[in-house]
Protein chains: 2
Amino acid sequence: MSDDLTEVQTAIVPDGFVINLWNRGFGRTVGPFYSRRDTVTGDEVMAFRVEEHHANGMNNCHGGMLMSFADMAWGRVISNKREIGWVTVRLTTDFLSGAHMGDWVEGTSDVITEQDDVFTVRGRIWCGDRTLITGTGIYKGIRSISRKAGEREARGVA
Amino acid sequence: MSDDLTEVQTAIVPDGFVINLWNRGFGRTVGPFYSRRDTVTGDEVMAFRVEEHHANGMNNCHGGMLMSFADMAWGRVISNKREIGWVTVRLTTDFLSGAHMGDWVEGTSDVITEQDDVFTVRGRIWCGDRTLITGTGIYKGIRSISRKAGEREARGVA
């Protein structure tokens, strides 16, 4: 156990989740994130555990952190379905409940429509059986983003 | 000039802006933030400069960072108008343009309606004369949040 890891980071990670290591930028700043892929359906769920660096003034998870996670987890479904990058066009988030320090938060989305590389998704963020956020995302696919050779295969994307 | 400061943090801050030092939590993680208050109208603008720890994979500001900033800058107007804390109920953000590394990003909102401590605001985030995000926020006021004596006065709130 390294001194570089916080108490929460060394806590138990639910079965099937693997850590996603961002090496730079905002993903590294607000991570770490985890993901679990259903080997049959290919569906993927993203997750993170609420730590001190995610907290608001009431010691719960900051709404900005939950929206940032929603943006990532809901958009990621597009990258998994299509060999395509994306930018966010519009995100609507409805806050139904808060996440507390130490909570394990999960999220994913369903692609509702796809036309001319514009994707509309319905997303959900939850903690156990408690829904934290529902919402809608509109993302624009960007075909010019190329992935490193073997990157999709390494992530287990069909 | 301290070694603890990045190159961008030591860069020029526009006239009238003061740094807002969050000591903990998500505000410290994704900061630093700045603000400028109009001494006549009392209106306040929040700001930050895009640094490496805000970046997405294209080396622009991450959409999650811009939404987090929108949540803070648009909700802060409520705290300045009323002796009240708030939680976010719904946020809708329309992304019109991106922010680049080193950009100075500003934002504020107008309170459109207030009823039963539910506030609806129209917000904008911009960089120079370029609008990055417009949107609508719905916030619920929480009266149980008490401020330290003199905190409002120290921030220059009427």
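- The name an unreviewed UniProt entry assigns to chain A is PaaI family thioesterase, from the organism Phenylobacterium glaciei.

1. Looking at the environment of serine 68 of chain A
Item 1. Relative to the assigned elements, serine 68 of chain A resides in helix 2 (residues 63-81).
Item 2. C-alpha of serine 68 of chain A to C-alpha of glycine 27 of chain A: the two residues are 41 residues apart in sequence and 9.4 Å apart in space.
Item 3. If sequence neighbours within four positions are ignored, serine 68 of chain A has contacts with Phe26 of chain A together with Gly64, Met65 and Ser68 of chain B.
Item 4. At a separation of 2.8 Å, a polar atom in the side chain of serine 68 of chain A contacts the main-chain carbonyl oxygen of glycine 64 of chain A.

2. Considering unusual backbone geometry
Item 1. For the bond from glycine 31 of chain A to proline 32 of chain A, the omega torsion is 5 degrees, close enough to zero to count as cis.
Item 2. Take proline 32 of chain A: it is sitting in the loop between helix 1 (25-30) and strand 2 (33-37).
Item 3. Its identity as a non-glycine residue notwithstanding, asparagine 59 of chain B has a phi of 65 degrees, on the positive side.
Item 4. Looking at the element boundaries, asparagine 59 of chain B is found in the loop between strand 3 (44-49) and helix 2 (63-81).
Item 5. For asparagine 59 of chain B, a relative accessible area of 39% translates into the label partly exposed.

3. A look at helix 2 of chain B
Three- or four-residue spacings in an α-helix give side chains the same orientation, since the helix completes a turn every 3.6 residues.
Item 1. The end-to-end C-alpha separation of helix 2 of chain B is 28 Å, in line with the 27 Å expected for 19 residues at 1.5 Å each.
Item 2. Taking burial as the measure, the 19 residues of helix 2 of chain B include 18 buried ones, the bulk of the element.

4. Here we look at the interface of chain B and chain A
Item 1. Across the boundary between the two partners, chain B contributes 33 residues, which contact 33 residues of chain A.
Item 2. For the pair chain B and chain A, the summed buried area comes to about 2600 Å², and 54% of that belongs to carbon and sulfur atoms.
Item 3. On the chain B side of the interface with chain A, the three residues burying the most area are Arg24, Phe26 and Met67 of chain B, jointly 22% of the side's total.
Item 4. A salt bridge links arginine 24 of chain A to glutamate 52 of chain B; the shortest N-O distance between them is 4.0 Å.
Item 5. Taken together, the connections running from chain B to chain A amount to 22 residue pairs in polar contact (both at pLDDT 80 or more).
Item 6. Looking at the side of chain B that touches chain A, the elements with two or more residues in it are helix 1 (25-30), helix 2 and strand 4 (85-95) of chain B.
Item 7. The dominant element in the side of chain B that touches chain A, judged by the number of residues it contributes, is strand 4 of chain B, at 10 residues.
Item 8. Relative to strand 4 of chain B, strand 4 (residues 85-95) of chain A is paired through five bridges, and the arrangement is antiparallel.

5. Focus on the side chain of aspartate 117 of chain A
Item 1. Within the secondary structure, aspartate 117 of chain A is located in the loop between strand 5 (104-115) and strand 6 (118-127).
Item 2. Leaving out residues up to four positions away in the same chain, aspartate 117 of chain A has contacts with Arg82, Ile84, Tyr139, Lys140, Gly141 and Arg143 of chain A.

6. Focus: the packing of aromatic side chains
Item 1. Evaluated as defined, the whole model comprises 14 aromatic pairs over all chains.
Item 2. Taking 6.0 Å as the distance between ring centres and 10 degrees as the angle between the ring planes, the aromatic pair formed by phenylalanine 33 of chain B and phenylalanine 69 of chain B counts as stacked. Of this pair, phenylalanine 33 of chain B sits in strand 2 (residues 33-37) while phenylalanine 69 of chain B is found in helix 2, placing the two residues 36 residues apart along the sequence. Each member of the pair, phenylalanine 33 of chain B together with phenylalanine 69 of chain B, is buried.
Item 3. By the ring-pair criterion, three or more aromatic residues cluster together here, those being Trp22, Phe33, Phe48 and Phe69 of chain A.

7. Observations concerning the state of the cysteines
Item 1. Applying the stated rule across the entire model yields zero disulfides over all chains.
Item 2. In this structure cysteine 127 of chain B is not part of a disulfide, and its nearest cysteine sulfur, from cysteine 61 of chain B, lies 10 Å away.

8. Quick notes on the side chain of threonine 92 of chain B
Item 1. In this structure, threonine 92 of chain B sits in strand 4.
Item 2. Accessibility expressed as a relative area gives 12% for threonine 92 of chain B, which makes it buried.
Item 3. At 3.3 Å, the side chain of threonine 92 of chain B forms a polar contact with the side chain of threonine 92 of chain A.
Item 4. Look past the residues within four positions of threonine 92 of chain B in its chain and what remains in contact with it is Arg90, Leu91 and Thr92 of chain A together with Trp74, Thr134, Gly135 and Thr136 of chain B.

Conventions we followed
Residues numbered from 1 in each chain as written. Chains lettered and ligands numbered in written order. Predicted model: local features only at pLDDT ≥ 70, side-chain atom pairs only at ≥ 80, totals over all residues. Heavy atoms only, no water. Helix = DSSP H or I, 4+ residues; strand = E, 2+ residues; numbered from the N terminus. Contact = heavy atoms within 4.5 Å. Polar contact = N/O pair within 3.5 Å; in protein donor to acceptor, adjacent residues only side chain to side chain. Buried < 20%, exposed > 50% of the residue type's maximum accessible area, 1.4 Å probe, protein only. Expected span 1.5 Å × (residues − 1). Buried area = accessible area lost by both parts, 1.4 Å probe. Salt bridge = Lys/Arg side-chain N within 4 Å of Asp/Glu carboxyl O. Pairing = 2+ DSSP bridges. Phe/Tyr/Trp six-rings, centres within 6.5 Å; stacked < 30°, edge-to-face > 60°. Disulfide = S-S within 2.5 Å.

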